[in-house]
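An overview of the molecular structure
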Amino acid sequence: MDLLSNKWIVYLALCLFVAGVSCNSVENKIYVKLNYTVPCVRLLNSTHQIGCQSSLSGDVGVLHVLESEENLDFVLRTGRNPPYMVIMESSLFNRSVMMKLKNGSGRVAGVAVVEPTSNPPEGFSPHTRCPNENTGVYSENYGPGLAHCNTTKWNPLGNGLSYEEFDFPIFSMKDDNDTQLIRQCYMDHNRPVNGSHPQYPLCAMQLSSHMSAVTNTPTCMRRNSISFSMNMVCDPLSDQNIWAPSKPLNTTQNGHKANESVIIVSARLDSRSFFSEIGPGAESAASGLVTLLAAAHALRNATQDAQLDRTIFYTFFHGETFDYIGSSKMVYDMEKNQFPIDLDNVHSVLEIGQVGFHSSSNLWLHTDPVSMRNSIVQEEVKNLIANLNSAAAGLNVSVKEPGVTQPLPPSSFQRFLRARPFPGVVIEDYNSSFSNKYFQSMFDNADSLNVLYPPNLTPEEQLNHVTDTAKSLAEVATMVARALFLQAGGEKTQISSINADELTVSRMLYSFLISSNNSWTQEIIAPKDIVHLNNNTVNFYISVEQQASLPTILAKYLLANLTGSVVNVTQENCRNQKESEDDKDSKHLYNYIWVQGAALPNSTERDGFCVRSTVHLSRAMSPAFELENYTTSEYSTWTESRWKEIKGRIFLVASHDLEMLTLGVGIGVLLSSLLLTYIMSSKADILFSSGREPTSATY
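These numbers were taken from a predicted model, which means no experiment stands behind them. All chains use their own residue numbering, which begins from 1 and follows the written sequence. For a predicted model such as this one, the threshold for reporting local features is a pLDDT of at least 70, and the threshold for listing and counting side-chain atom pairs is 80 or more; totals across whole chains, interfaces and linings nevertheless cover every residue. Each side-chain value is worked out from all heavy atoms of the structure, with water and hydrogens disregarded.

Comments concerning the sheet that holds strand β18 (residues 565-567)
Sheet strands pair via backbone hydrogen bonds, and the direction of the pair is either parallel or antiparallel. Two strands pair under a simple rule: DSSP has to find at least two bridges between them. Strands are runs of DSSP state E lasting at least 2 residues, helices are runs of H or I lasting at least 4, and numbering of each runs from the N terminus. One open sheet holds the three strands; their spatial order is β18-β20-β19, and the pairing between them is antiparallel. Of all strands in the sheet, those bounded by a partner on one side alone are β18 and β19 (591-599). Ignoring strand direction, the axes of neighbouring strands in this sheet form an average angle of 45°. As defined by bridge partners, β18 adjoins strand β20 (residues 606-613) across three bridges and the pair is classed as antiparallel. Bridging from a neighbouring strand, V566 pairs with V611 of β20. Lines fitted to C-alpha atoms define the axes here, with helix axes fitted over just the stretch in contact, and angles between the N-to-C directions of these axes take values from 0 to 180 degrees.

Put into structure tokens, the structure is as follows:
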């Protein structure tokens, strides 16, 4: 290649670089990108789709700040510049407003909801009034009079917004500088003055959240399976269940364990809200989760010292919000001998639900009236209730039974009852309807659970401050632990020494509801998982198969540290699941985790140690995906759509007439350029000819 060609390549590269920099600079001058936006995403099941999405390139609309529901008329009818991108405070985010916008005949481009600074006193729940009504135990074949919440609406404030489909994007936005900028842009350019319509240029917004999957789960899974498809379009909702027996069980062989009787005590690991990345789940998930962890901690020494007749099986189910994903999978595995125990090993079930004490200090013991018709089941249930009453004696907790015949509330226990009659009790803080006014919403947060701290405390001081809620949950955990000890065959004279630790409960509440990244959790987690900790409230949404869930990670390490013991082994042996070089058996009974430990003084090093526990993980994914039966009504079929880009930005938009004028001028310039180029090309021999010497010249 000659020197001239090299120069042209250098010049071309330089021009492209300058053009790229110039384009980025122009883009930054035109658009203001929005940070901290959280979208509503699309979910699908066997029959339909729910959630939200934008068009492929994102939806654009003129900004309109909705000040009241009456102001909707401007958006839906009288405004002259549709479609509109509606900005609203959380107080207007209700079913009435959203359904009017949904039916807005193309005049709505999208919605942005400003995150609240306080919870609405009247309550808000975007879930349905009868959660999981089609996948519980009650049906036309089992307690038909109790099916479909015929006797009670468990979630009376449920408006069902989370299960609607919207054909425009809906984002949540933090009330920060971006929100102030949007409001200012609206005030400067879009707000009508004295009844007149705003004039161009107008402030506009673009929201992008295009979802790849459409129609339902069978459709998206069929598209996933097409061999020439380069991109997956959806993923099953899935994560991990956590379980830990109170004494070691050999996990190398699945199926029935001879002479083994277990009491399953469970809580759920998940919640949700309208927006997938905002699922605080304080009452709906964290209250029961923390209570069970604290009860397991209280029982650590008692179960090791006493010779109990039964094994306590601490179990944390994931995905229960979406038609009992985790419990369905465990029951299925037990039936198929794909789990270390089977259903014949299960003696009874105790489930801890919402126990945040919103209205009183009463706990309600819910039972299944259908299975209680079996005299053997009835006798065992009465015995379990008697143990709970004995355990509550002397505590600031009162246990009661519903006074009328009613079904079980939404609970994992229902999936066990679908397999066979089991004795069981579900503990809740309500009788016939949720006391939680914010069930599975973005308001189900630390404030709703009354996890409050005195002003001016540092994060470290908050971590170690024992809140009133922590004291209440510690009482519940103490009652649960004592009842389990009695149910397992322990002596009543020994239960007074079983007590949950209030400080541990308070630290767990802080870790789940305030900040998972704190000095306590950093000590008890493995180095490889420290990256998952953050300074925000834990999101209890189950997520999908490819991603790790922070609730699972955090609960696993908490359970291991609270029920396990520290063993003196090397880091290498710990990670290789053995206590010595020749140890080949311990890995079948225990799980070994090397955790970071406390930070050494004046050093970046940590004093790590090995924790030996019986904690294990098992897959929490609906059996429907293992069976490849995506139209079943027996199991959950929920999937989440994939997407490519989530973003929001604002900019000024010119009038349609000005845009047409600009387009016309641009076309005119283009045509003129083409004409000029043609003329110059056709006359090139005249315009660019150089003087030549006569052919007859001689030298």
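Looking at the pairing of β19
Each residue is assigned to one of three classes by its accessible area relative to the maximum for its type, calculated with a 1.4 Å probe on protein chains only: buried under 20%, partly exposed between the two thresholds, exposed over 50%. With seven of nine residues buried, β19 is to be regarded as a mostly interior element. Bridge count between β19 and β20: seven bridges; the pairing is antiparallel. Opposite A598, over in β20, you have D607 as the bridge partner. Here β19 folds back onto β20, and the loop between the two strands holds six residues, one of which, N602, carries a positive phi near 55°.

Here we look at the sheet that holds strand β11 (residues 238-245)
The sheet built from eight strands is open, its strands ordered β16-β15-β17-β14-β12-β13-β11-β21 with mixed pairing. Taken across any chain shown, the strands that pair with only one partner, and hence form the sheet edges, are β16 (398-400) and β21 (616-621). Within this sheet the neighbouring strands show an average axis-to-axis angle of 25°, counted without direction. As paired strands, strand β12 (residues 262-268) and strand β14 (residues 346-352) are joined by five bridges and run parallel to one another. Of the residues in β14, the one forming a bridge with I264 is V349.

Focus: helix α15 (residues 550-563)
Residues three or four positions apart in an α-helix share a direction because the helix packs 3.6 residues into each turn. Over its 14 residues, α15 runs 20 Å from end to end, which matches the ideal 20 Å to within 8%, given 1.5 Å per residue. Counting buried positions along α15 gives 14 out of 14 residues, so the element sits mostly inside the fold. In this analysis, the expected span of each helix is defined as 1.5 Å times one less than the number of residues it contains.

Looking at the environment of V399
You can see V399 is positioned in strand β16. By relative accessible area, which is 14% here, V399 ends up buried. Between the C-alpha atoms of V399 and M479, which are 80 residues apart in sequence, the distance is 9.9 Å. If we skip the residues at most four places from it in the chain, V399 touches L363, L365, L388, N389, A392 and M479. A contact between two residues is defined here by any heavy atoms of the two lying within 4.5 Å.

Brief notes about the pairing of strand β7 (residues 108-114)
Among the seven residues that make up β7, seven are buried, leaving the element largely enclosed by the rest of the structure. Across six bridges, the pairing between strand β6 (residues 84-89) and β7 is parallel. Residue pairing across strands places M88 opposite V113, the latter belonging to β7. Viewed along the sheet, the connection from β6 through helix α3 (residues 95-102) into β7 turns out right-handed. Pairing between β7 and strand β8 (residues 170-173): four bridges, direction parallel. Looking at β8, one finds that V114 is bridged to M173. Here the term right-handed applies to a crossover when the path leading from its first strand over the helix to its second strand runs clockwise, the strands being oriented away from the viewer.

Description of the domain arrangement of the chain
The domain boundaries here were taken from an automatic or database domain assignment. Per the domain assignment, the segments of the chain are domain 1 (24-124 + 159-212 + 645-658), domain 2 (238-563 + 614-621) and domain 3 (565-612). Just the C-alpha atoms count here: the centres of domain 1 and domain 3 sit 52 Å apart.

Some remarks on the environment of E461
Mapped onto the elements, E461 comes out in helix α11 (residues 459-463). Judged by relative accessible area, E461 falls into the partly exposed class, the value being 41%. Reaching out from E461, the side chain makes a polar contact with the backbone nitrogen of T458 at a distance of 2.9 Å. For the purposes of these results, a polar contact is taken to be a pair of N or O atoms within 3.5 Å, where, inside protein, one atom must be able to donate a hydrogen and its partner to accept one; residues adjacent in sequence count only when each atom of the pair is a side-chain atom.

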